[in-house]
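Below are the chains, spelled out letter by letter.
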Amino acid sequence: MKKATIADVAELAGVSKATVSRYLKQENVREEIAEKIRAAIEETGYVARGSKTDKANDKTAETKSEKGKHTGRVKQKNYRLGVLVKDIALPRTRNIIHALKDVLKEQGITFSICVTDGMEELEEKYLTSYIVQNVNGIIIEGCSSAEFIQKQMRTTSIPVLFLNEDKEQLNCCCLHEVQAGEVLGAYMLKKQQLVVRYLGVDQMLADQRLQGIRNCYHEKRQPIDLKVILCTGSYADIYEKIKEIFTEKIDLLLLERDEMAIPLTKFAREYHIAIPQNASVISFGGHEICRVMSPALHALAYDYTAYARDIAAHMNALIEKTAVKEQTAAFSIFEGESVRYAGLLKGQLMETITLEEALDLFKFPRQLGEFEEKPVSIGIGRFGPYIKH
């Protein structure tokens, strides 16, 4: 009788030879797949190399598997993780990875990064590599689609954590952009920003952030004129979209990310637009570029260290099969010089000024008094502040 081979087991179980090999090495294989392989081994009489009988081999595999569940993985702290990123050049991605590096180093966890550019063939290649390496977990910072990642991981029990997806059926640890919008919305309400335009690339991201802003305004029964303008993300297209936005009078321009302020600065210089006198500007990110812009850019800042700790805690919980803790708040307002403020009039004090009086300070044009029996007023026009006499 012909001796059964690993290929025979794989064919009968309906899996690849690599999956059977991982099972025999007691590596990560989903329980339902393991059952099929065990049944195929029993039916074919396959004997693994170094084993006396298939029954003894099966028993050893089960014993080692149980031992790994109860003694090995829970106690070890030298985990190895794989990380897939879509675009390492994005400041947001760089900041997440940098913060994650420091947090994981503190916990004795090592990781490797693979950049996919959102290409499915690269995702498949790197995921296969991580599976062969038998990493303890995989973090997906960005990908072509969550469905494709799930398809590639269907024969393994290695936990996968998504950072840019927020779906109930997935393990997710996302920056809660609706909450970010709520933090910013509360700040915008204080500044009475009523005509607002959002410039971005990602429609889904814009919808989440603007939902948070609208929640704040709706709670206070304050109407807001809030619209989204999408661009390709290139500086040339950002410049053209900014030019379109400034054909109307707005209170505030929101930028999807900090770098969009670069073409905005060019436009403002060429068309003599004064920031924040003509319009206030706030970006999402709070990176170093905000501090070197002129004027310094207001921003909704992300606490990437707090977020990295949440990612590490979530992944540890998945590996160790324990409860996942609630994420911490990771947003704050960085105040630069790109949001309009008003000076107090003579006799007004910060301690006693009312809301109505404060709002009046922002109204233009405004009468200053008379000079040579003629009224003097100030205002803000297309080319910045002016005085009329």
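Structure's up top.
Now for a look at the structure at hand.

Criteria and thresholds
Residues numbered from 1 in each chain as written. Predicted model: local features only at pLDDT ≥ 70, side-chain atom pairs only at ≥ 80, totals over all residues. Heavy atoms only, no water. Salt bridge = Lys/Arg side-chain N within 4 Å of Asp/Glu carboxyl O. Pairing = 2+ DSSP bridges. Helix = DSSP H or I, 4+ residues; strand = E, 2+ residues; numbered from the N terminus. Axes fitted to C-alpha atoms, helices over the stretch in contact; angles between N-to-C directions. Parallel < 35°, antiparallel > 145°, perpendicular 65-115°, else oblique. Left-handed = near helix turned anticlockwise from the far one by under 90°. Contact = heavy atoms within 4.5 Å. Nonpolar A, V, L, I, M, F, W, Y, C, P; charged D, E, K, R; others polar. Buried < 20%, exposed > 50% of the residue type's maximum accessible area, 1.4 Å probe, protein only. Phe/Tyr/Trp six-rings, centres within 6.5 Å; stacked < 30°, edge-to-face > 60°. Lys NZ or Arg CZ within 6 Å of the ring centre and 35° of its normal.

## Some remarks on the pattern of salt bridges
Applying the stated criterion across every chain, the model contains 12 salt bridges. One network of salt bridges, in which partners are shared, links Arg197, Asp225 and Glu248.

## Let's talk about the sheet that holds strand S3 (residues 137-140)
A sheet is described by the order of its strands in space; here 4 strands give the open sequence S2-S1-S3-S4, paired in parallel fashion. A single partner strand is all that each edge strand has here, and the edge strands are strand S2 (110-115) and strand S4 (160-162). The average angle at which neighbouring strand axes cross in this sheet is 20°, direction not considered. Pairing of strand S1 (residues 80-85) with S3, which is carried by 4 bridges, proceeds in the parallel orientation.

## Description of the packing of helix H1 (residues 6-13) against helix H3 (residues 31-44)
Contact pair H1 / H3: the axes reach a minimum separation of 9 Å and the direction vectors enclose 125°. The angle between H1 and H3 places the two elements in the oblique class. Where H1 crosses over H3, the handedness of that crossing is right-handed. Residues Val9, Leu12 and Ala13 of H1 touch H3, and the partners they reach there are Lys36, Ile37, Ala40, Ile41, Glu43 and Thr44. Residues that form the contact of H1 with H3 fall into these classes: 6 nonpolar, 1 polar and 2 charged.

## A few points about helix H10 (residues 235-245)
Every buried residue belonging to H10 is among Asp237, Ile238, Tyr239, Lys241, Ile242 and Ile245, and all of these are buried. Tucked into the core, H10 has its buried residues touching strand S5 (195-200), strand S6 (225-230), strand S7 (252-255) and helix H11 (261-270).

## Examining the packing of aromatic side chains
The full count for this structure, using the stated rule, is 6 aromatic pairs. Ring plane angle 25° and centroid distance 4.8 Å describe the contact between Phe267 and Tyr271, whose orientation is recorded as stacked. Accessibility expressed as a relative area gives 3% for Phe267, which makes it buried. When its relative accessible area of 28% is taken as the criterion, Tyr271 is described as partly exposed. Chaining the aromatic ring pairs together yields one cluster made of Tyr239, Phe246, Phe267 and Tyr271. Sitting above the plane of the Tyr239 ring, Lys266 keeps its charged end 4.4 Å from the centroid. Lying over the aromatic face of Phe334, Arg291 brings its terminal NZ or CZ to 4.3 Å of the ring centre.

## What to know about unusual backbone geometry
Each neighbour pair has its own omega, and for Ile275 with Pro276 the value is 10°, a cis peptide bond. Within the secondary structure, Pro276 sits in the loop between H11 and strand S8 (280-285). Of the consecutive residues Ser294 and Pro295, the connecting peptide bond is found in the cis state with omega at 0°. Within the chain, Gln192 stands out as a residue other than glycine whose phi angle is a positive 55°. In this structure Gln192 comes out as partly exposed when scored by relative accessible area, which is 25%.

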